[in-house]
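Given next are the chains, with one letter for each unit.
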Amino acid sequence: MGMCGIFATTNDQDAGKTILSGLKKLEYRGYDSWGIAVKGGGKLRSQKQTGRIAVSKTNLPKSKMGIGHTRWATHGGVTIGNAHPHFDCTGKLALIHNGIVDNYQDLEKKVKGHELAGETDSEIIAHLIEKELKTEKDLFLAVKKVVRLTEGYNAFVVMHQDFPYLVAAKTGSPLVIGVKPGENLLSSDVASLLGHTKQVIFLEDGQIAKIAPDVIRIESYTSAKEIKSVVQTINWTAKSASKSGFPHFMLKEIYDQPSVLTNIAESKVKEARELGKAIAKAKNIFMVACGTASYAALAGQYLFAGIAGKQVNSAIGSEFYYYDGFINTRSLCIALSQSGETIDTLQSVKFAKDRGAKAISLVNVKGSSLDRLSDETILLTAGPEKAVASTKAFLAKVAILLLAAHAMNRKTPHGVIEIKQATRAIRRILDFKYQKYLKKLAVKFKHSHSMFILGRGVSYPAALEAALKIKEVSYIHAEGFAAGELKHGVIALVNQNTPCLVFAPNDETYRDVISGAMEVKARGGLIIGISHKPNPMFDFYLPVPDSGNSTILPNVVVAQCLAYYLALARGLDPDMPRNLAKSVTVK
Ligand code: AGP
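Residues numbered from 1 in each chain as written. Predicted model: local features only at pLDDT ≥ 70, side-chain atom pairs only at ≥ 80, totals over all residues. Heavy atoms only, no water.

**Some remarks on the sheet that holds strand E11 (residues 199-202)**
Argument step 1. Spatially, eight strands are ordered E3-E2-E4-E1-E10-E9-E11-E14 in an open sheet, and the strand pairing comes out antiparallel. Where the open sheet ends on each side, the last strands, each with one partner, are strand E3 (43-50) and strand E14 (232-233).
Argument step 2. With three bridges joining them, strand E9 (residues 176-178) and strand E10 (residues 185-187) adopt antiparallel strand pairing. Looking at E10, one finds that Gly-178 is bridged to Leu-185. (Pairing = 2+ DSSP bridges. Helix = DSSP H or I, 4+ residues; strand = E, 2+ residues; numbered from the N terminus.)

**A word on the pattern of salt bridges**
Argument step 1. One pass over the full model with this rule turns up 24 salt bridges.
Argument step 2. Notably, a salt bridge pairs Glu-219 with Lys-144, separated by 2.3 Å at the nearest N-O pair. Here Glu-219 is found in strand E13 (residues 215-220), whereas its partner Lys-144 is found in helix H4 (residues 139-147), with 75 residues between them in sequence. When sorted by exposure, Glu-219 lands in the same class as Lys-144, which is buried.
Argument step 3. Residues Glu-465 and Lys-469 are paired through a salt bridge, measuring 2.7 Å at the closest nitrogen-oxygen approach. Here the residue Glu-465 and the residue Lys-469 both occupy positions in helix H14 (residues 459-474), the gap between them amounting to four residues, near one helical turn.
Argument step 4. Here the salt bridges share partners, and the residues they tie into one network are Lys-144, Arg-217, Glu-219, Glu-226 and Lys-228. (Salt bridge = Lys/Arg side-chain N within 4 Å of Asp/Glu carboxyl O. Buried < 20%, exposed > 50% of the residue type's maximum accessible area, 1.4 Å probe, protein only.)

**What about the side chain of Glu-465?**
Argument step 1. Residue class for Glu-465 comes out buried when judged on its relative accessible area of 0%.
Argument step 2. Excluding its chain neighbours within four sequence positions, the residues that come into contact with Glu-465 are Thr-292, Tyr-295, Ser-390, Phe-394 and Val-556. (Contact = heavy atoms within 4.5 Å.)

Listed below in structure tokens is the structure:
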């Protein structure tokens, strides 16, 4: 199985070349092997390699049709045998797969005697289709019969030497058809299609498509009736999905943040007001999200409490089910997700909807599973976020929640002002001199064994997010925690020169967080103060002008930049951290 990239073309001048560049546009998602198969001269030809794509062209013959895949291993090690595409015994069928076939052991029994090259669940499906084809002469129908047997969240793409079309089937892992008459394409990610077409069809769960150069026919797994799918136009430009001159996507996306916030302040007020109304109406409200998005949700919890005096709970996606018992028709589930494909978040929303709750989502990718699952969606309109470490999507979510909190007080203009103040503060952080100082600090701390990040109130989720950024891209063990927790055990970890970032904004937490930092300093910790004013106890000071409730935004940008420079100082690629993928579409 793989969790990452799929790219396929039905009719191209040089399918291998086009697929290779399509896969390269997907590599930001993280992977550890890749492969391409094309129809060339009467049989399928393939090239598969472990590691990253290190070639500028394939060794495949020119061909019109092909499929390609980047794999992020879970079932079975990183080997050529486990890399996709997988083949059947005849070598005439090639299959690529994203997701996990939960019942692959049962299915394996049905292909006893078939020669398997690897140990993946995906390969079993290729042989099952081969077996089905012996009786069912039509590839589309054979694939349909087989995928109906599979359990789990998957996407399959099948190509066969004897059939002039591709078959794509989806039950959970994203698949997008690139509509280009005469040259229809397919990918797991809109961004890789942008250079070819902006017309796309998002396959829904339980749908299977026959894709030929001029034909797209979609049916559901369980009926032969054609489904008329909506062709959507993606208004991202290929440029916005590229690095446009920055050394890494992460840095580009950090620098996108002022315009992302400006756009939100100018165009999201109405939707934020609607969100505020939905919150006011609901009996109990849960925000649900994972990773960075969960810290945006936790920040929202403080903002709704502090600004609107409203209780809005937040839960981590993978923990949400354990709140069963009081999710009901009066509940509102607000899901936050950049990709809209995070399985733990998706399943939580399905769980809440099954209990009658209303689902509103803040999501960055239009047409994503979460967008389509939700009753209402507020698009972050942050533009494509490709670095594994989420930056601008985090700020966009918090900014929209901030606006909604002010809207509940009928003071939206105040929220707009705060976001504009935060934007000005961020521009100062992004200027050359400030960045130079952050780079210096990163070099100084690059060998730290661990780093602590302290915050109180809404600076507590800021501390958690700062820690995740540092962990994710520099692999330094960073721990964010509520400053008040120091005395309850955490302070035992402080060694001589342990760097400790302290969020000390101009709010009600200032005095207490400073005294917490003193405790760390008294035990040899080095204090890096992120604050609106200097303080004699700071060993290093990073100024962040006060922007009221939105100060969390520039505060987090300081941490994003520090994390980025720590990664560089440690010779790492911040865009593709080890073991991580941009969108976690498997449990
Ligand atoms: C954030 O930097 C990480 N890449 C990760 O925690 C991410 O936020 C999480 O997987 C949720 O992703 P989503 O926003 O696309 O749902």
